[in-house]
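Structural features, examined
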Amino acid sequence: MNKPLVAALASLAITGIGAAPAVAVPQTAKAAAVTVNFAGTVSLSNCSGSVIRFPNSADSDPALVLTNGHCLETGFPEPGEVITGQSSSRTFGLLNSSGTRVATLRANQVVYSTMTDTDITIYRTTTTYAAIKSSYGISPLTVSASHPVAGTAIKVVSGYWKTIYSCNIDGFVYRLKEGDWTWKDSVRYTSACNTIGGTSGSPVIDTTTGQVVAVNNTGNEDGERCTVDNPCEVDESGNVTVRQGINYAEETYIIPACFTTGNVLSLSASGCTLPKP
């Protein structure tokens, strides 16, 4: 995993951005990239994250924060474990476009957290999108409800390190196995996104739409096979591939279908395929 920072620093003892100017293009040409910056991202005590909304969220809804399952303050969820409705008072540093911390947001609940099939934690905060916009001029990032596309230009925006990584989606992994955990249909980056500990939970943003298509979570550090911090790729036939130095993310398009009016989690909603408790 792109370890939470404390774990990343501890392991050292053991193992050792800009946008192109807009130009007029023919309608048949590829759409110009949007400007991606730090606005709406957050820093956690040991990870990165972002304030997110879904296509059907309302400005009056409680704001949600997305990060990794392995960034959960109570520890890694076990394989097969799904946590919902857990009380939380975790805080997040809200960043503006230049990466300056402008506010502290506070959670009151872990809405959903798991490391099974995917690697996500979603927090509910004590404020609304409208209040954040009114006070700080910052809008949430929208989670796309569509499967990402190979070759798409992306940016991985780390609120913890205030660093933006730029690369492309290289492809998708049938199963990504790391230690006791297995993730499905993971995003593999091209080599330019050399994410590190502390980038866990960073939103992966499609530079054409500006929407979140995945959440950054891991990379193979040492070339080991399927061990912690050294995930391996497993195809439909069970063949294993190790790609040292390559990093990965978990898709987020499956999340919106699991939230109904008011940003309320409904794992029984039509089309919701997130793992259930």
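Residue indices begin from 1 for each chain and proceed along its sequence in written order. Only residues with pLDDT of 70 or above have their local features reported here, since the model is predicted, and side-chain atom pairs are shown and tallied only from 80 upward, although totals for entire chains, interfaces and linings are computed over all residues. The basis for the side-chain values is all heavy atoms of the structure; hydrogens and waters are excluded.

**Some remarks on the state of the cysteines**
- Throughout, a disulfide means two cysteine sulfur atoms within 2.5 Å of one another. All chains considered together, the criterion is met by four disulfides.
- Two residues share a disulfide in this structure: Cys47 and Cys71, whose sulfurs sit 2.1 Å from each other. Taking the sign of the S-S torsion, -90° for the link of Cys47 and Cys71, the bridge is left-handed. Residue Cys47 is found in the loop between β1 (41-43) and β2 (48-53), and its partner Cys71 is found in the loop between β3 (62-67) and β4 (82-87); the two are separated by 24 residues along the sequence.
- Here the term buried applies to any residue with accessible area under 20% of the maximum for its type, exposed to any over 50%, and partly exposed to those in between, with areas from a 1.4 Å probe on protein chains only. Among the residues examined, Cys47 registers a relative accessible area of 0% and is labelled buried.
- Judged by relative accessible area, Cys71 falls into the buried class, the value being 1%. Runs of E in the DSSP output that reach at least two residues are strands. Runs of H or I that reach at least four are helices, and both are numbered from the N terminus.

**A look at the environment of Gly40**
- Mapping Gly40 onto the fold places it in the loop between α1 (5-12) and β1.
- Distance in space between the C-alpha atoms of Gly40 and Gly159 is 9.1 Å, their sequence separation being 119 residues.
- The contact definition used throughout considers only heavy atoms, calling two residues in contact when any of these lie within 4.5 Å. Leave out the neighbours within four places in its chain, and Gly40 touches Ser50, Val51, Leu94, Leu95, Ile138 and Ser139.

**A look at the confidence of the model for the protein**
- For every residue, the predictor states its confidence as a pLDDT score lying anywhere from 0 to 100. For the protein, the mean per-residue pLDDT works out to 92, and 90% of the residues sit at or above 70.
- The secondary structure element of the protein with the lowest average pLDDT is α1, at 44, and the one with the highest is β3, at 99.
- Residue range residues 7-29 is modelled with pLDDT below 50. Its contacts to residues more than four positions away, or to other chains, number nine contacts.

**Considerations on unusual backbone geometry**
- Here the phi dihedral of Asp229 falls at roughly 75°; this positive angle occurs in a residue that is not glycine.
- When you line up the elements, Asp229 lands in the loop between β13 (212-219) and β14 (232-234).
- If you check the backbone angles, Asn263 has positive phi at about 60° while not being a glycine.
- Mapped onto the elements of the fold, Asn263 is located in the loop between β17 (259-260) and β18 (264-265).

**Some thoughts on the pairing of strand β7 (residues 120-128)**
- Pairing between strands is defined by DSSP: at least two bridges between the two strands are required. Pairing geometry for β3 and β7, over five bridges, is antiparallel. Paired with Leu64 across the bridge in β7 is Arg124.
- Note: strand β6 (residues 101-114) against β7, six bridges, orientation antiparallel. Within β7, the residue paired with Ala107 across the bridge is Thr125.

**Quick look at the side chain of Thr199**
- Here Thr199 shows up in the loop between β11 (181-189) and β12 (203-206).
- Setting aside its immediate chain neighbours within four residues, Thr199 contacts Asn2, Ser48, Ser158, Trp161, Tyr165 and Asn216.

**As for the packing of aromatic side chains**
- The rule is short: rings of Phe, Tyr and Trp, with Trp giving its six-membered ring, pair when the centres are within 6.5 Å, and they are stacked under 30 degrees, edge-to-face over 60, tilted in between. Taken as a whole and judged by the stated rule, the model has four aromatic pairs.
- Here Phe54 and Phe259 contribute two aromatic rings whose centre-to-centre distance is 4.7 Å and whose plane-to-plane angle is 35°, an arrangement assigned as tilted. Placement of the pair is Phe54 in the loop between β2 and β3 and Phe259 in strand β17, with a sequence separation of 205 residues. The same class applies to Phe54 and to Phe259, which are both buried.
- Here, over-ring charges are defined by two tests on the NZ atom of lysine or the CZ atom of arginine: distance to the ring centre within 6 Å, and angle to the ring normal within 35 degrees. Geometry around Tyr129 places Arg53 over its ring, the cationic atom sitting 5.5 Å from the centre.
- Here Arg175 stacks its cationic end above the ring of Tyr174, 4.0 Å away from the centre of that ring.

**A look at the nonpolar core**
- Among the nonpolar cores identified, the biggest contains 45 residues, and Val51, Leu64, Phe92, Leu94, Ile120, Ile122 and Phe259 are the most heavily contacted of them.
- Elements with a minimum of two residues in this core: β2, β3, β4, β5 (91-95), β6, β7, α2 (129-136) and β13.
- Here this core gets six residues from one element, more than from any other, and that element is β6.
- What is meant by a nonpolar core is a set of buried Ala, Val, Leu, Ile, Met, Phe, Trp, Tyr and Cys residues, joined one to another through side-chain atoms within 4.5 Å. In this structure, Tyr165, Tyr189, Cys193 and Val213 belong to the second largest nonpolar core, which totals 12 residues.

**A short note on the side chain of Asn68**
- Position of Asn68 among the secondary structure elements: in the loop between β3 and β4.
- The buried category is assigned to Asn68, whose relative accessible area is 0%.
- Side-chain atoms alone can form a polar contact between residues adjacent in sequence; in general such a contact is a pair of N or O atoms within 3.5 Å, and within protein one must be able to donate a hydrogen while the other accepts it. Engagement of the side chain of Asn68 in a polar contact is seen with the backbone nitrogen of Gly201, the distance being 2.8 Å.
- Discounting chain neighbours no more than four positions away, the residues touching Asn68 are Asp119, Ile120, Thr121, Ser200, Gly201, Val215, Asn216 and Asn217.

**Here's the deal with the pairing of β3**
- With five of its six residues buried, β3 lies for the most part within the structure.
- Taken together, the three bridges between β2 and β3 define a ladder with antiparallel strand orientation. Bridge assignment links Val51 to a residue of β3, and that residue is Val65.

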